[in-house]
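# Residue-level structure breakdown
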Amino acid sequence: MWYQDIGLKYPIFQGAMSWVSTANLVAAVSNEGGLGILASGGRTASELRDMIRQTKKMTKRPFGVNLVLFEKNAEALCKVICEEKVAVVTTGAGTPQRFIKQLKNAQIKIYPVIPTLKIAKKMLKLEVDGLIVEGMEAGGHIGTETLLTMLPQVTAITNKPVLAAGGIYDKHSIETVKCLGAQGVQAGTIFLATEESEISSQYKKLIVSSSNPGTTIKRSNAGFSARVLDLGDSNQALSLRNAVIKGDVITGAFMAGQVVDRIKKIEPLKKVFKRLL
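Quantities reported herein were computed from a predicted structural model and do not represent experimental measurements.

### What to know about the packing of aromatic side chains
By the definition in use, this model includes 7 aromatic pairs. Through pairs of rings, three or more aromatic residues link up here, namely W2, Y3, F13 and Y111. Geometry around W19 places R241 over its ring, the cationic atom sitting 4.9 Å from the centre. Across the ring face of Y169, the terminal group of R275 is positioned such that the distance to the ring centre comes to 4.0 Å.

### Remarks on the side chain of T59
You can see T59 is positioned in the loop between helix 3 (45–58) and strand 3 (63–68). At a separation of 3.0 Å, a polar atom in the side chain of T59 contacts the main-chain amide nitrogen of R61. If we skip the residues at most four places from it in the chain, T59 touches A27, S30 and N31.

### Things to note about the nonpolar core
The biggest cluster of nonpolar side chains holds 74 residues, and the ones touching the most others in it are I81, L103, F191, Y203 and I207. Excluding residues that lie within four positions of it along the chain, I207 makes contacts with L192, A193, I199, L229, V260 and I263. The next biggest cluster of nonpolar side chains, apart from the first, holds 13 residues, and it includes I6, I37, V113 and L163.

### Considering helix 7 (residues 147–155)
It helps to recall that an α-helix has 3.6 residues per turn; residues three or four apart then point in one direction. L147, M150, L151, V154 and T155 are the residues of helix 7 that are buried. Along helix 7, the residues classed as buried sweep out an arc of 125° about the axis, all on the same side. Check the buried side of helix 7 and you find it contacts strand 5 (109–114), helix 6 (117–124), strand 6 (131–134), strand 8 (162–165) and helix 8 (171–179).

### What about the state of the cysteines?
Applying the stated criterion across every chain yields a total of 0 disulfides. The thiol of C82 is not disulfide-bonded; the next cysteine sulfur, from C78, is found 4.2 Å away.

### Some remarks on the pattern of salt bridges
Applying the stated criterion across every chain, the model contains 10 salt bridges. Between R49 and E84 there is a salt bridge, with its nearest N and O atoms 3.0 Å apart. Taken together, the residues R49 in helix 3 and E84 in helix 4 (residues 74–84) connect sequence positions 35 residues apart. Looking at R49, the relative accessible area reads 22%, which means it is partly exposed. Residue E84 is classed as buried on the basis of its relative accessible area, which comes to 8%.

Conventions adopted
- Residues numbered from 1 in each chain as written.
- Predicted model: local features only at pLDDT ≥ 70, side-chain atom pairs only at ≥ 80, totals over all residues.
- Heavy atoms only, no water.
- Phe/Tyr/Trp six-rings, centres within 6.5 Å; stacked < 30°, edge-to-face > 60°.
- Lys NZ or Arg CZ within 6 Å of the ring centre and 35° of its normal.
- Helix = DSSP H or I, 4+ residues; strand = E, 2+ residues; numbered from the N terminus.
- Polar contact = N/O pair within 3.5 Å; in protein donor to acceptor, adjacent residues only side chain to side chain.
- Contact = heavy atoms within 4.5 Å.
- Core = buried A, V, L, I, M, F, W, Y, C linked by side-chain atoms within 4.5 Å.
- Buried < 20%, exposed > 50% of the residue type's maximum accessible area, 1.4 Å probe, protein only.
- Arc of directions from axis to C-beta.
- Disulfide = S-S within 2.5 Å.
- Salt bridge = Lys/Arg side-chain N within 4 Å of Asp/Glu carboxyl O.

Written out as structure tokens, the structure is:
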């Protein structure tokens, strides 16, 4: 099986969430048999190296790093990733073409996150190992297509592993996307709501108190769209760090997918994996 080739017990990726995907959460996911993924967004190359090495101290299992391709220091981040020889790189916000050879030489698997069929086709022309199809149900920066609409269109054009992201909650979610050709899943919001997650207590409180419709789409001046918790008249800026670290409901963007409406309590990570399996 493709995920066993990576060294995973289960075909479950933890979505990389900037400021959220700390060594503690990533190592915990990998120790459960999934793939924990560090987020390099907003980090210096030195900070990323420290995060990778800290994670290595906490797990002997494979883990990954997400590379945000529009970051000005993407080249320096990629250099660290290759030197530290992580198992997998997921990419977003651009094409990984200029880094493919470098990553392949380091024997790192490459899984771009794609929001449209058009971008999926472009990625499949590159030497990637698989795709992560993310629907607009997901949290954080999103596209305009739903997962169940886009997924079967992508799985129809490739034999490479395709993971489904957006709205993943339990084993029924996994069985649903398998019917549409997915060979694995990536989840983010359900891992926010764990004891191992180090987000602010205010963030966790907002997650468990959410009710339908618990999220809304905010747009930044730069044109980015992000799915965040619906805080009514709160004057949210798109600043995830303020949400994660400070729990600031005025300037913080509390990113979460639509599946947040189903989360009613904070649980140990083991219970989340039990529900998925």
